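# Coordinate inspection notes
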Amino acid sequence: MAVDYISALNTNGSGLNTTQLVDAIVTAEIAPKLNKVTKKQEATDLSISELAKLRSAFDEFQQVLQSPNAGVASDAYSTSAAVSVKVDDYNALKVADDLITVSQLARGQVLEFTGYATANESLASGSLTIRFGTWSGTNFSEVDPNNTQSVSLSGAGATLGGLATQLSALSGVSARVVAKSDGNYSLLVITDPGANNAVQMIADGGVLAGFDTSQDNSQQVLAAQNAVLTYNGISLSRSSNTIDDLIPGATLTLNATTDTDAKVSVFEDADFAEGELSTYVEKLNSLISTLKSATSRGINGASSGPLVGDATMTAVLRQVSRLTTTPLEGFGDKPIYLTTYGVQTERDGTFSIDSTKFAAAFAADPAGYRAIFATLAQSSDSAISVTKSSSANPPIGKYDFVYTDASTATLDGTSLIARSKNGRNTFYAITGRFAGVSMDVTEASIGSSSIYFGKSTLDQMSDYITAILSKAGDFTRIEKSYSDASLEQTDELAALAEKEDMLAQLYRTKFTAMEQQITRAKSSGTFLTNMIDALNGNSNG
C-alpha cells in the first residue's frame, strides 16, 4: 500500500488520504479507456495468431494439391514373365489390352579371340579401327561412317587385358578376358543389341592381325540381330529388347521368346481413384472447418471466431468452397463437374462422395476424373501431340489448330513458328497467349483439329492459394493491417500510461496546495482561539 506522505507531513491538514484519493480519481478517468484499448489489442493479437494458423493450414493443404501423379489411377501389368512392363508416365497411360508374341530377342554380336596363355598376355603395340554395321557372309556394310572409333596399344598397356579395357571404353562395345581352362584364355568382344551393331575390326599395318576381321567374320560366335515380335497381330522388329514406343507412358522389356500371346493391360483402378478423391475431400473439409471456425459469428451462445466480420477471410472461405463446384473447361467439348463424380455439398458446407455415383461416372469416363487432378494440353487428333513448357500458361478452353503445310499452321488464328526434324513437323509460339506451347504433327494431311487446354481443380486451387499467400496477396495485406492496428494500440496504451502519470502529478499538486491552505487556515484559527482565550483570562483576572 502506498504511503500518504502528504497527509503524514500535513498533520494539521484535512486528514484525508490524498494518495488514495488521487489514485481513485486518475483510475476513474483512465481505466475505462485503458480497458477498451487493452481488449482491442488482445483481440487484434488473437486475430494475428489465427491468421498464422490459417496460413499454415493453407500451406499444408497446398502440399496435398502438389502430390506427384495425383489423379492417376492407371496401372499396367503383363500376363507373362517373357514380357515385363514398367510405367514411366502415369499421365500418358491409356486403357487398353495389347497382345504381344516374341519370336526372337535382340542381341549383340559376340566375337571370340582364342589361344592366349594368360589374362594379361603381352601384345604388339599398334592400333585397331572399329566400324559398326552388318555382316552378310564375308561382306560388311558400315551403317554410320561418323561412328568409326579406334583403340591404340603401346608400352605397358599392350596386353590382352589392356585391349579389353580400351575396347570397353568405346561406345557400343564391351570386352573381357575369360578363362576357358587352365592356361587357356579368350578375349570376348560383345556389341550392343541390334542387327546394325555388329563390328568390323581393322588392324593398322597388320601389327595386331590376330584381331583383324576385315576379310572375314570367322571369330563370330553369335550374330547381331533385332528383336522380332508381333504387336496386336502386326509384325515388328526393334534393335533393343527395351521398347518404349508401343504403349504410351510405359516401357516393355522382352525377356524371352513366347509360344502364345502375352497380354499387357493398362487399366483404371476405381477403388484407388475413389480413395484418392476421398483423401482430397477430407483435407479440403479440414481446411474449410478451420476457416469457418476462424470467421464464425458465435450463433446460439457459441464463441465467435477471432476473424469474425473480416470480409476478406469470409470471401476466401466462399472462394475455396466455390472452386469445387466450378465447371472444368478445356478437357473436351463439354465441361466436367465434380458433382458428376459424386462430390456433393452437405448442409454444413463440407463435401462428401456418393460412392455409387462415383463408380458409375468413373467407369463411363475415367479420363474425366483425371481432369480433377491433372492439368492437360491435348488434341482431338491422334496425329498431333501437344506439349507446353513449365512456364507456359495458355488460356483455358478449346481452340482451332489449322495445318496448311509443313511450314504453315495457326492456333486460334495466331501464326505459329515451324520446325521440321526427322519427319516430324513442330509448330510453336514464343510470345502471346500460347507462348511455350508446341504441337508435333506426324501426318501431313490432318487439316484442322481442336486443341484443348484444361486446368485441373487442384491446380486452380493451388494457384489461388499461391496468390492469396503471396507478398501482394490477401493474407499479407490482412496480416499487415492487423500488425499496424496492434502497433497503434501499443502506442495508445503508452499514451494513456503517460497521461495517467501526468494526471496523478497534476492532482497531487492541487491536493498539496489544498492541504497547505487548510493547514494555514487551521493555524490562523488556533492563533485566534488562543488570543481570545488569553483575553478572556485577563478579563476574568
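Here is a short report on the structure shown in this document. Quantities reported herein were computed from a predicted structural model and do not represent experimental measurements.

The rules behind these values
Residues numbered from 1 in each chain as written. Predicted model: local features only at pLDDT ≥ 70, side-chain atom pairs only at ≥ 80, totals over all residues. Heavy atoms only, no water. Helix = DSSP H or I, 4+ residues; strand = E, 2+ residues; numbered from the N terminus. Buried < 20%, exposed > 50% of the residue type's maximum accessible area, 1.4 Å probe, protein only. Contact = heavy atoms within 4.5 Å. Expected span 1.5 Å × (residues − 1). Polar contact = N/O pair within 3.5 Å; in protein donor to acceptor, adjacent residues only side chain to side chain. Pairing = 2+ DSSP bridges. Axes fitted to C-alpha atoms, helices over the stretch in contact; angles between N-to-C directions. 1 Å grid on protein atoms, 1.4 Å probe; cavity = no way out; pocket = protein on both sides within 12 Å on 5 of 7 lines; lining within 4 Å. Points joined across faces, edges and corners; volume = space filled by probe spheres on them. Nonpolar A, V, L, I, M, F, W, Y, C, P; charged D, E, K, R; others polar. Phe/Tyr/Trp six-rings, centres within 6.5 Å; stacked < 30°, edge-to-face > 60°.

## Quick word on the environment of Asp192
Mapping Asp192 onto the fold places it in the loop between β9 (184-191) and β10 (198-203). What makes Asp192 partly exposed here is its relative accessible area of 40%. Between the C-alpha atom of Asp192 and that of Ser171, which follows or precedes it by 21 residues, the distance is 8.9 Å. Not counting chain neighbours up to four residues away, the residues in contact with Asp192 comprise Arg107, Gly108, Gly172 and Asn197.

## Here's the deal with helix α4 (residues 270-295)
Compared with an ideal rise of 1.5 Å per residue, which puts 26 residues at 38 Å, α4 spans 37 Å between its outermost C-alpha atoms and is within 8% of the ideal. Of the residues flanking the start of α4, the one acting as N-cap is Asp269, its side-chain oxygen 3.2 Å from the backbone nitrogen of Asp271.

## As for the side chain of Thr290
When you line up the elements, Thr290 lands in helix α4. Polar side-chain contacts of Thr290 include one of 3.0 Å to the backbone oxygen of Ser286. The residues touching Thr290, leaving out its near neighbours within four places in the chain, are Glu50, Lys53 and Leu54.

## With respect to the sheet that holds strand β20 (residues 384-388)
Strand order in the open sheet formed by four strands is β20-β26-β25-β24, and the pairing between neighbours is antiparallel. Unpaired on one side and paired on the other, β20 and β24 (417-421) mark the two borders of the sheet. Each strand of the sheet is rotated relative to its neighbour by a mean of 20°, with strand direction disregarded.

## A short note on the environment of Ala224
Mapped onto the elements, Ala224 comes out in the loop between β11 (220-222) and β12 (227-231). Remark: the alpha-carbon pair of Ala224 and Val110, spanning 114 residues in sequence, is separated by 7.6 Å. The contact partners of Ala224, leaving out residues within four places of it in the chain, are Arg107, Gly108, Gln109, Gly194, Ala195 and Ala198.

## Things to note about helix α8 (residues 457-469)
An ideal rise of 1.5 Å per residue puts 18 Å on 13 residues; α8 measures up with 18 Å between its terminal C-alpha atoms. Those residues of α8 lying buried are Thr457, Leu458, Gln460, Met461, Ser462, Tyr464, Ile465, Ile468 and Leu469.

## Let's talk about the layout of surface pockets
Approximately 380 Å³ is the volume found for the second largest pocket. In terms of lining residues, the second largest pocket is bounded by 13 residues, among which Ser382, Ala383, Ile384, Ser385 and Val386 are the most central. Contributions of two or more residues to the lining of the second largest pocket are made by β19 (376-379) and β20. Of the residues forming the lining of the second largest pocket, the biggest block, four residues, is contributed by β20. Residue composition of the lining of the second largest pocket, by class: four nonpolar, six polar and three charged.

## What about the side chain of Gln489?
Of note, Gln489 is situated in helix α9 (residues 474-540). Within the structure, Gln489 has its side chain in polar contact with the side chain of Thr44 (distance 3.1 Å).

## As for the packing of aromatic side chains
Following the criterion strictly, the structure yields 18 aromatic pairs and no others. Geometrically, the ring pair formed by Trp135 and Phe140 is tilted, given 5.2 Å between the ring centres and 55° between the ring planes. With a centroid separation of 5.2 Å and an interplanar angle of 55°, the aromatic rings of Tyr369 and Phe373 are classed as tilted. A residue pair is termed a helical-turn pair when its members lie 3 or 4 positions apart in one helix, as Tyr369 and Phe373 do in helix α7 (residues 366-373) at four residues. A relative accessible area of 1% places Tyr369 in the buried class.

## Regarding unusual backbone geometry
Non-glycine residue Asn232 carries a positive phi angle of around 50°. Along the chain, Asn232 turns up in the loop between β12 and β13 (234-238). Look at Asn232 and you get partly exposed, because its relative accessible area is 36%. We note that Asp412 has phi near 55°; this positive angle belongs to a residue other than glycine. By the element assignment, Asp412 lies in the loop between β22 (408-411) and β23 (414-415). A relative accessible area of 35% means that Asp412 is categorised as partly exposed.

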